[in-house]
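Architecture at a glance
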Amino acid sequence: MSKTARWRSAALPIASTALVLALALAGPAAASAPAAAATTTAPEAATAQDGAPNAATAQDTAGPRVPATSTRRPVGTTSARLVDRDRPDPWRPDTPSRELMVTFWYPTESARGAHAPYLSPELSTALYGTDAPAGVRTGAVAGGRPVPGRHPLVLLSPGFGLSRTTLTALGEELAARGYAVAAVDHTYETLVEFPGGRIEPCLVCGREGTDPDFGATASRARAADLRFVIDRLTAPGARGPVRGLTVDPGRIGVAGHSLGGAAALEAMGEDRRIRAAANLDGTVWIPPTGLRSRPVLLFSAQLGGSPGATGNWEDSWKRLTGPRYWVDLPTAGHLSFSDEHWVVDALGSRDQLPADSGPDVFGTVRGDRALAATRAYLGAFLDRHLLGRPAPLLDRPSRAFPEVRFAK
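Because the structure is a prediction, the values reported are computed rather than measured.

When helices and strands are counted, the protein shows 10 helices and 13 strands. Across the 408 residues that make up the protein, the buried fraction comes to 60%. Considering only contacts in the protein between residues 6 or more positions apart, those separated by 24 or more positions represent 75%. Put simply, the protein shows about 15,400 Å² of open surface, and 51% of that area lies on carbon and sulfur atoms.

All right, on to helix 3 (residues 121-128) then. Think of an α-helix as turning once every 3.6 residues; residues three or four places apart then point the same way. Along helix 3, the residues classified as buried are L123, S124, A126, L127 and Y128. With its buried residues spanning 165 degrees around the axis, helix 3 presents them on a single face. Downstream of helix 3 by one or two residues, G129 has phi in the positive range, about 80 degrees.

The subject of this paragraph is the side chain of R177. Here R177 shows up in the loop between helix 4 (168-176) and strand 6 (180-185). Using a relative accessible area of 15% as the deciding quantity, one classes R177 as buried. At 2.8 Å, the side chain of R177 and the side chain of E173 are in polar contact. Leave out the neighbours within four places in its chain, and R177 touches S70, T71, R73, R375, A376, G379, A380, D383 and R389.

A separate point is the environment of S338. Position of S338 among the secondary structure elements: in the loop between strand 12 (324-329) and helix 8 (339-346). Setting aside chain neighbours within four positions, we find S338 in contact with T166 and H257. Within the structure, the side chain of S338 is placed 2.9 Å from the backbone oxygen of L335, a separation counted as a polar contact. Here the side chain of S338 touches E340 through a polar contact of 3.2 Å, landing on its backbone nitrogen.

Below, the discussion takes up the nonpolar core. Of all hydrophobic cores here, the largest spans 40 residues; its most connected members are L156, F299 and Y377. A per-element tally of this core places helix 10 (residues 367-387) first, with nine residues. Excluding residues that lie within four positions of it along the chain, Y377 makes contacts with L297, F299, V327, L393, L394, S398, F401 and V404. In terms of nonpolar packing, the next biggest core, distinct from the first, is built from 36 residues, L100, V296, W313 and L320 among them.

Looking now at the pairing of strand 2 (residues 98-107). With 10 of its 10 residues buried, strand 2 lies for the most part within the structure. Residues R98, L100, V102, F104 and Y106 line one face of strand 2 and the alternating positions E99, M101, T103, W105 and P107 line the opposite face, and both faces are buried. In this structure, strand 1 (residues 75-84) lies alongside strand 2, joined through 10 bridges in antiparallel fashion. Looking at the pairing, S79 lines up with T103 of strand 2.

If you walk across this open sheet you meet the 11 strands as 3-4-1-2-6-5-9-10-11-12-13, and the pairing is mixed. Both edges of this open sheet fall to strand 3 (115-117) and strand 13 (405-406), since each of them pairs with a single strand only. In terms of strand pairing, strand 3 meets strand 4 (residues 137-142) through two bridges, oriented antiparallel. By the bridge assignment for strand 4, P117 is matched with R137.

With that out of the way, let us pick up the pattern of salt bridges. On inspection of all chains with the given rule, the structure shows 26 salt bridges. The residue E99 makes a salt bridge to R198 at a minimum N-O spacing of 2.7 Å. Residue E99 is located in strand 2, and its partner R198 is located in strand 8 (residues 198-200); the two are separated by 99 residues in the primary sequence. With a relative accessible area of 14%, E99 lands in the buried category. On the basis of relative accessible area, R198 is assigned to the partly exposed category, the value being 30%. One salt bridge in this structure joins D271 and R273, with 2.7 Å as the shortest N-O distance. Owing to a relative accessible area of 4%, D271 belongs among the buried residues under this scheme.

Conventions and cut-offs
Residues numbered from 1 in each chain as written. Predicted model: local features only at pLDDT ≥ 70, side-chain atom pairs only at ≥ 80, totals over all residues. Heavy atoms only, no water. Helix = DSSP H or I, 4+ residues; strand = E, 2+ residues; numbered from the N terminus. Buried < 20%, exposed > 50% of the residue type's maximum accessible area, 1.4 Å probe, protein only. Contact = heavy atoms within 4.5 Å. Areas by Shrake-Rupley, 256 points an atom, 1.4 Å probe, with all protein chains shown as cover. Arc of directions from axis to C-beta. Polar contact = N/O pair within 3.5 Å; in protein donor to acceptor, adjacent residues only side chain to side chain. Core = buried A, V, L, I, M, F, W, Y, C linked by side-chain atoms within 4.5 Å. Pairing = 2+ DSSP bridges. Salt bridge = Lys/Arg side-chain N within 4 Å of Asp/Glu carboxyl O.

In C-alpha cells, the structure reads:
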C-alpha cells in the first residue's frame, strides 16, 4: 500500500473531517465553506494578557459542559503564545520563527472563579460554520493559581486539521489527576487564533492527499514543536509561560490523536526527556526508532479502520522494545478519541451527519462513553509509567469497560 493510500485509509483527511463536523454542527449550509482551509481574520476579541479569550464573556449561554473528571479535583487553565526564534516556520520558509498557541491545564487550589471558554465564537465559526461549540462550558478555572510543587508534564498533540480545543476533556482529566498538561496547536495545520483575534489559516490542508511524504514531514515538524514547549517549561531559572507552575523534568509524557499520535512517537524517539508516549488512532509515518525501551500505548478504533492501517500498527508494534500496550475500541470511530464526538452528541447534531460518514467518524459508541474509556486507559498508562502507580486496567479486560479489548 502506498503512503498516500495509507493516509486515506487510516486517518480522515482534514477536508473531509471539517466538512463532516460542519454538516453535523451547522447543517448542510456549512458545506459550502469548510473553514479549515480558509484564510480568516476574525474581529478582535476580548483577550486576557496571555492571549486567551476573556473568560467573563465565554459562559453566557447554557451550553453542554465538558464531562466531569474522574477525581473532581479543581483544575486551572490558561493559554499562551510561544515563539521559537531559533527555528524557521516549517510551512512558511519566509517566516524566521515558529509561532505557537498552547493551552495549559494544571491542578489548582480552588474551584472558585470564572471558568475558561471552550473556544471563541469567532474561531468556532471559522472552524465549523457556527458558533454553537463556543457555548460549551469547561470545568477549568481561567487563570487559577497552580498547586505548589513539581508536576509531571504531559504534552498533547491534536489530529491534523483539528484545534487543540478538541483535547480539552483529556487535558482537564489529566490535570485533575495531578499532571501539568500542555496542548499544542500546530500552526498552519489548522486554524489557529492568536492574541487580538488574529486567525491564521490552514496553509497545508489538502497536501495530505497529494504528497506521499507529508505525514513524515508533518510528524517531524510537530515533534520539533513539542520539544520546544518542553524546553520552555523546563528551562532552569527561566520564568515559564504559566506563573507559579513548575514541572518535573524527569517525568514527561506525550500523547496525541491521529497525526498527533504519530508525532508523539517521533518526539519520544528524538528526545530522551520524554519517558512515555501514547498514540490515539494515528497512522505511524516514521518507523519508531530511538525509543530505548520506553513505554508506548496504542489505542485504536476498529483496529485502525482498515487492513492497511492495521498493518501499519503491526509493523510499529514489532519495533517497540519496551513496555507496550495495544487496546482497541471496536465500536468507536476516528474522532471518538477527541472532543468532537461527545460535543456533536451533546449538541444533538449527530443526525445531521451524511449517512455514509458516521461509522468511520464516530462509530456506534456514545461520545461520552468513548471519552470515559480514553481518559481511563490513557490515565492508567501515564499513572503507571510517570507516577509509578498501580494500573491494573492495563493488564487484563475490565468489567468497567467491557467494550474495550486488548488487540495484543
